[in-house]
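Geometric and topological summary
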Amino acid sequence: MRIRRKLLLGLATTLVAAGLVAPTFQPAYAASLVEVTSFGNNPGRMRMHVYVPDNRPAHPATVIAMHGCGGSGPAFYSGSEFASLADRYGFIVIYPTATQQAGFGNCFDTWSDAAKRHDGGSDPVSLVSMVRYAQQQYGADPERVYATGSSSGGMMTNHMLAVYPEVFKAGAAFMGVPYNCFAGAADYPPGSSQCTGGSMNRTPQQWGDAVRQQAYPGYSGPRPRVQVWHGTADTLVPYSLLQESIEQWTNVFGLSQTPTSSDTPQAGWNRRRYADGSGTVQVEAYSIQGAGHSLPSGGMAAVAIAFFGLTSTPSPTTTPSPTVTPTPTPTTTPSPTLPPTTPPASGACRVTVAVNAWNTGLTANLTITNTGASAVNGWSLVFGLPAGQTITSGWNATYSPTSGQVTARNLAYNAAIPANGSIDIGFQVTHGGNAAKPTSFALNGASCTVA
C-alpha cells in the first residue's frame, strides 16, 4: 500500500511535545507519580516514573505507557487516562521518558541496529529493565505485561512487541508505524524519511519476515496480541501506515488480510478484527474518521485496557481511595459540556513555543502553563500568526481563523488547566519563507509571558 508524500512534521515528535496528543487533563488520584532513579540496566539513558495505585491485587498487571517525541513520562501521565484507569482496575503504569535525539529529540529509538534486536541494547533494554523492576519491587505479574503509546510511543509499542514477544502479552499502538520501518537515525526526521515520507510500501510477507528474522531470530513462542489506532486525517504519520501495521501483524500471526469482522462500535470509529481459528482476536485495528494526529482521545485508553483484559475490579490489598476520577467507557462520548470559563489573573500564564521549520512549512508546539493560584476551566489563547503563514492542521485545540490573529480554543478533554499545571497544543503551517514564531499570547484575555 503506497503512502502519500507528506511531511510527517514532527513525527509524533511534533506531537505535543509533552506526551503528545493524548487528552490533557489534571488527574486527581490518591496515589502519586514516583520517579525511580536506579531500575537496572539502562543503555538508553532513560528516566522512569511509575504510578502504583493504592487499591491493587497482590500481583498486579503492568502497563508501560509511552509519550511522543519531545514529551516526557510525567507529561503523558498528566495528559492521558491510564492512571485513572489504573485506580479503577488496579494495575501499575510505568511512564518512561526517552532521551534519544534523532528527529526532534526525546524520541524512542526505533531506528538503531541495537534497538532492533532482542537484548541488543538502547531503549528496548531500558524499558524491559523498568518492567522487571516493577516485578521485583511491587510483585507485578510477569504474565500480564502490556505496552501502549502515542506517536513515537506508538511506534515503540509495535517495536517492543516484535523485539520482546516473551515479555508482553498485548499492546495498543496509537499512530505508530510497523516494526523496522525506519532504516536508521538519518531516516527518522520528517521530510527525508522513507518510512513516513511517502515511499514505504512493503508486502505483508516482507513485514512479517522482519519480525521473525530480525527482531528475535529463532523465537517460536506465543506472540502478543496487537491493537492499532490511526486517524484518517493524520498528516504527520500518514494514515496509510495503519494498513502496513495490519499487514505486518496479520502475517506474523498467519492470518488472512481479510478481517473476520468489522463494525462501528462508536460514531466515527471503524473497527476491523482479525481472529484465529479458535476465535481469539489477535489483531484489532481502529480507523478514527476525520481525526488528525490527536490520539488517544477521550475513552480510547479504556478500550485499550479492555483489549488487554484488565477491566475486572481488583481485590484490594490496601484501603481504596474514597474518590476516584470517573473514567469514560469505551462506548460513550465525553460530554461537551464545559465548566464556566475562569479567566487567569493578568500575567498568570506562560507560553513556551518550539518551532521546527523547513523551506515551505513548520510545526509549532505550544506549552501553556497556568502560573496562577487557581485552576482555569475553559480557555482560549489568542496570538498573532506571522505574515505569510497559514495553519493547515492542528492538535489538542481548534484554531480560527487560519491566518492573522488566531484563537485556539480548548477541546472537551483539556478544558481545565490546574494551578501550576500545563497543557500542550500545536499546529502545522505553510509559509513563503517567514518561519518566525508568534511572540505574544493572551489566555482568556490576560497577557502571558513568553518563555
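If you're wondering where the values come from, they're calculated on a predicted model, not measured in any experiment. (Residues numbered from 1 in each chain as written. Predicted model: local features only at pLDDT ≥ 70, side-chain atom pairs only at ≥ 80, totals over all residues. Heavy atoms only, no water.)

What to know about the overall build of the protein
When its secondary structure is counted, the protein shows 9 helices and 22 strands. Among the 451 residues that make up the protein, the fraction classed as buried is 58%. Expressed as a percentage of contacts within the protein between residues at least 6 apart in sequence, the contacts between residues at least 24 apart total 75%. When the accessible surface of the protein is totalled, it reaches about 15900 Å², and 50% of it is carbon and sulfur. (Helix = DSSP H or I, 4+ residues; strand = E, 2+ residues; numbered from the N terminus. Buried < 20%, exposed > 50% of the residue type's maximum accessible area, 1.4 Å probe, protein only. Contact = heavy atoms within 4.5 Å. Areas by Shrake-Rupley, 256 points an atom, 1.4 Å probe, with all protein chains shown as cover.)

Re empty space enclosed by the protein
Counted according to the given criterion, the structure contains 2 cavities of 30 Å³ or more. What the largest cavity holds in volume is close to 40 Å³. Lining the largest cavity are Asn158, Ala173, Met175, Gly176, Val228, Trp229, His230, Leu241, Leu242 and Ser245. Among the elements of the structure, β7 (225-231) and α8 (240-252) are those that each provide at least two residues to the lining of the largest cavity. Tallied by class, residues from the lining of the largest cavity come to 6 nonpolar, 4 polar and no charged. (1 Å grid on protein atoms, 1.4 Å probe; cavity = no way out; pocket = protein on both sides within 12 Å on 5 of 7 lines; lining within 4 Å. Points joined across faces, edges and corners; volume = space filled by probe spheres on them. Nonpolar A, V, L, I, M, F, W, Y, C, P; charged D, E, K, R; others polar.)

Section: α8
Helical geometry: 3.6 residues make up each α-helical turn, so side chains three or four residues apart lie on a common side. Compared with an ideal rise of 1.5 Å per residue, which puts 13 residues at 18 Å, α8 spans 19 Å between its outermost C-alpha atoms and is within 8% of the ideal. The buried count for α8 comes to 13 of 13 residues, which makes it a mostly enclosed element. Just past α8, the residue Gly254 takes up positive phi, approximately 70 degrees. (Expected span 1.5 Å × (residues − 1).)

Section: the state of the cysteines
Counted according to the given criterion, the structure contains 3 disulfides. Each sulfur in the disulfide pair Cys69 and Cys107 lies 2.2 Å from the other. Taking the sign of the S-S torsion, 130 degrees for the link of Cys69 and Cys107, the bridge is right-handed. Here Cys69, found in the loop between β3 (62-66) and α2 (73-78), pairs with Cys107, found in the loop between β4 (92-97) and α4 (122-138); they are 38 residues apart in sequence, far enough to count as distant. Taking relative accessible area as the criterion, Cys107 reaches 0% and is therefore assigned buried. The disulfide bridge from Cys181 ends at Cys195, spanning 2.0 Å between sulfur atoms. With the S-S dihedral at roughly 105 degrees, the linkage between Cys181 and Cys195 falls on the right-handed side. (Disulfide = S-S within 2.5 Å.)

Overview of the sheet that holds strand β9 (residues 269-275)
Within the open sheet, the 10 strands sit side by side as β1-β2-β4-β3-β5-β6-β7-β10-β9-β8. Their pairing is mixed. Looking at strand neighbours, the two that pair on one side only are β1 (33-36) and β8 (261-266), the edges of this open sheet. Pairwise comparison of adjacent strand axes, ignoring direction, gives a mean angle of 20 degrees for this sheet. Bridging between β3 and strand β5 (residues 145-150) involves 5 bridges; their strand directions are parallel. If you follow Ala65 over to β5, its bridge partner there is Thr148. (Pairing = 2+ DSSP bridges. Axes fitted to C-alpha atoms, helices over the stretch in contact; angles between N-to-C directions.)

Remarks on the pairing of strand β19 (residues 422-430)
For β19, a buried count of 7 out of 9 residues is recorded, marking the element as mostly surrounded by other parts of the structure. Where strand β12 (residues 361-370) lies against β19, 9 bridges are found, and the strand directions are antiparallel. Within β19, the residue paired with Thr369 across the bridge is Ser422.

Details of unusual backbone geometry
With an omega dihedral of 0 degrees, the bond running from Leu295 to Pro296 counts as a cis peptide bond. Along the chain, Pro296 turns up in the loop between β10 (281-288) and α9 (300-308). For the bond from Ser400 to Pro401, the omega torsion is -15 degrees, close enough to zero to count as cis. By secondary structure assignment, the location of Pro401 is in the loop between β16 (398-400) and β17 (405-409). Unusually for a residue other than glycine, Asn444 sits at a positive phi of about 50 degrees. If you trace the backbone, Asn444 turns up in the loop between β20 (441-443) and β21 (446-447).

A closer look at the packing of α4 against helix α5 (residues 152-163)
Running from N to C, α4 and α5 point in directions that differ by 80 degrees, and their axes come no closer than 11 Å. Comparing their axes, α5 and α4 come out roughly perpendicular. Residues Asp123, Pro124, Leu127 and Val128 of α4 form the contact with α5, whose participating residues are Met156, His159 and Met160. Residue composition of the contact of α4 with α5, grouped by class: 5 nonpolar, 1 polar and 1 charged. (Parallel < 35°, antiparallel > 145°, perpendicular 65-115°, else oblique.)

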